[in-house]
Amino acid sequence: MKYNVIERGDDISKELTERFKALAAAHGVTQDEQSPDIVLSIGGDGTMLQAFHQYASQLDHIAFVGIHTGHLGFFADWKPAELDHLASLMFSVTTPEDLPIVQYPVVEIEITTETGVETHLALNEFTLRGIEVSLVAQLHINDELFEMFRGDGICISSPAGSTAYNKSLGGAMVHPSLEAIQIAEIASINNRVFRTLGSPMILPKHHHCDIYPKAHQNMLLSLDHKYMQRSDVVSIRCRVAGNVKVKFARFRPFPFWLRVREAFVGQASQ
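Residues numbered from 1 in each chain as written. Predicted model: local features only at pLDDT ≥ 70, side-chain atom pairs only at ≥ 80, totals over all residues. Heavy atoms only, no water.

1. Some thoughts on the packing of helix H1 (residues 11–26) against helix H3 (residues 83–91)
Here H1 crosses H3 at 35°, and the two axes come no closer than 10 Å. For the pair H1 and H3, the crossing hand works out as right-handed. The residues of H3 that touch H1, namely those facing Leu16, Arg19, Phe20, Leu23 and Ala24, are Leu83, Asp84, Ala87, Met90 and Phe91. Here the residues of the contact of H1 with H3 sort into eight nonpolar, no polar and two charged. (Axes fitted to C-alpha atoms, helices over the stretch in contact; angles between N-to-C directions. Helix = DSSP H or I, 4+ residues; strand = E, 2+ residues; numbered from the N terminus. Left-handed = near helix turned anticlockwise from the far one by under 90°. Contact = heavy atoms within 4.5 Å. Nonpolar A, V, L, I, M, F, W, Y, C, P; charged D, E, K, R; others polar.)

2. Some words on the nonpolar core
In this structure, Phe126, Leu128, Ile156, Ile236 and Cys238 are the most contacted members of the largest nonpolar core, which totals 26 residues. Filtering out sequence-adjacent residues up to four positions away, Ile236 remains in contact with Ile109, Glu110, Ile111, Phe126, Leu128, Cys209, Asp210, Ile211 and Leu221. If you look at the next biggest cluster of nonpolar residues, it comprises 22 residues, including Val5, Leu83, Ala87 and Phe91. (Core = buried A, V, L, I, M, F, W, Y, C linked by side-chain atoms within 4.5 Å. Buried < 20%, exposed > 50% of the residue type's maximum accessible area, 1.4 Å probe, protein only.)

3. Looking at helix H5 (residues 256–265)
For H5, every residue scored as buried is listed here: Phe256, Arg259 and Val260. In a view along the axis of H5, the buried residues occupy a sector of 100°, so they form one face of it. Where H5 terminates, the next one or two residues include Gly266, which has phi positive at roughly 90°. (Arc of directions from axis to C-beta.)

Next comes the structure, spelled out in C-alpha cells:
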C-alpha cells in the first residue's frame, strides 16, 4: 500500500513527517506522491483541505487520515503523541481494499462563464461574495426562482463543512453521512424593499440550486481555502456530487457528536 504526507510546514509537523517516513521505510511501505492509496495530513483542517484539493481528481481510490498539531480539528482524529500507534495500524493493512473507511458527500460546483463551463469540488464549503458592492443574484431551486438575493454573499456547505463557516452564519450542524447541501446567507439585506428567506436551507441529494449573479458583477469566489476573483460568471449550479465521495481512514471510532461537543461545548457537567 502506497502513502503520501501533506504537512503544514511548522516545526512540529515537519518532525512528525520525518518520523512517519522513517517508520514507513522500516516497514517497507512505499511513498508515492502522484498516486497514493492513503494520504496522511499533519497539521490542521486547513492542511486536510489542501490534501483534498491536491488529490480531488483521485477521490475514488484515495483515503485520508489526519494528525492535528494544533487545536482539535474536525478532519484530524489523531494527536502527535499517537503517531507510532497510528503508523502501526496503517502498516498492518496490506491492501487499500482492507482499509477501514467512512465516506462523506462533497459539494459539486458547476460554474458557467461567458467562455465555458468548469466543475469544482468543495470538502467544506463554496462561497460567493460581492466586491466593493453588495452581491445581487437570483437564487433558483430545482429550476424555479426562489428569491432575489441582496447582501454580502452566499455560502453553500457540505454536511462535513457545516461545523465550519456555515456555523458562524447561523447554519445547522449536519451529520456528515447525510447526502445534502446547506445554503446560508451572508448578511442579507431585508427591509420593506428587499426580502430573502433569511434562514438556512438544507437540500437533499436529488435537489440543486442555481445562482444567477447580476451580469458582469465583480465577485470573490472561494472553494474551501482557494479564492478567485471573477466578473465573467453567468450562473453557478450547486449540488451534492453524484458519483464521488471523500474517504477517510477510520482506524478507531470517533463519533461526530462527540467531536462537536469537544470542539464547541467542552466537558459536559454533571
